[in-house]
Amino acid sequence: MEFDRKKFVKLFLAEAREHIETINNSLVNMDTNICSEELFDMLMRKAHTVKGGARMMKLLPISELAHKIEDIFCSAKNNAKTISNQNSKAIFMALDRMKEHIDLAEQNRELPINDEQLIKTLILATDN
C-alpha cells in the first residue's frame, strides 16, 4: 500500500483549523487578560499540536508560527500569568496568517515563506 500524503495533509489541515479556532475563541472570550494554569496548558497544547503536525506535513511556515505562539503562552504562564492586549494582537495576526496558509495548502498551493516581520513581532511578544 502506497503512502497517500495528500490524505494525511487534508486530515492535518482540518485538525489545525479546529485548534486555531479554539485558541482564537479562548482569547476572544477571556474576561480578563489573566489566564488560569489550565487555560495556559490547553493553549500551549493546541499550539504545540499544530506545530508538530505542520512540521511532519512539511508545512514549515505554519509550524514556525505555531511555535512562536506556543513560546508566548509558555513565557506568559511562567512570568506574568497574563496575556497583554499587545500580545493578543500579535497572536491574532499569527492565527490569521496560519488560516491563510491552511487555505493555500488546501488548494495545493505553495506557502509563502516570508513571515519575517510577523515572526519578529511574535518574538517581541514572547519577551514582554
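Because the structure is a prediction, the values reported are computed rather than measured.

Caption draft 1: Representation of the environment of N114. Structurally, N114 can be placed in the loop between helix 4 (85–106) and helix 5 (116–127). Owing to a relative accessible area of 60%, N114 belongs among the exposed residues under this scheme. Along the backbone, N114 and P61 are 53 residues apart, and their C-alpha atoms lie at a distance of 8.2 Å.

Caption draft 2: Up close: the packing of helix 2 (residues 37–56) against helix 3 (residues 60–78). Where helix 2 meets helix 3, the axes come as close as 8 Å, and the angle between the chain directions of the two elements is 160°. In terms of their interaxial angle, helix 2 and helix 3 are classed as roughly antiparallel. In the packing of helix 2 onto helix 3, the handedness of the crossing is left-handed. Contacts between helix 2 and helix 3 involve E37, F40, D41, L43, M44, A47, H48, V50, K51, A54 and R55 from the former and L60, I62, S63, A66, H67, I69, E70, F73, C74, A76 and K77 from the latter. Its residues assigned to classes, the contact of helix 2 with helix 3 comprises 13 nonpolar, three polar and six charged.

Cut-offs used in this document
Residues numbered from 1 in each chain as written. Predicted model: local features only at pLDDT ≥ 70, side-chain atom pairs only at ≥ 80, totals over all residues. Heavy atoms only, no water. Helix = DSSP H or I, 4+ residues; strand = E, 2+ residues; numbered from the N terminus. Buried < 20%, exposed > 50% of the residue type's maximum accessible area, 1.4 Å probe, protein only. Axes fitted to C-alpha atoms, helices over the stretch in contact; angles between N-to-C directions. Parallel < 35°, antiparallel > 145°, perpendicular 65-115°, else oblique. Left-handed = near helix turned anticlockwise from the far one by under 90°. Contact = heavy atoms within 4.5 Å. Nonpolar A, V, L, I, M, F, W, Y, C, P; charged D, E, K, R; others polar.

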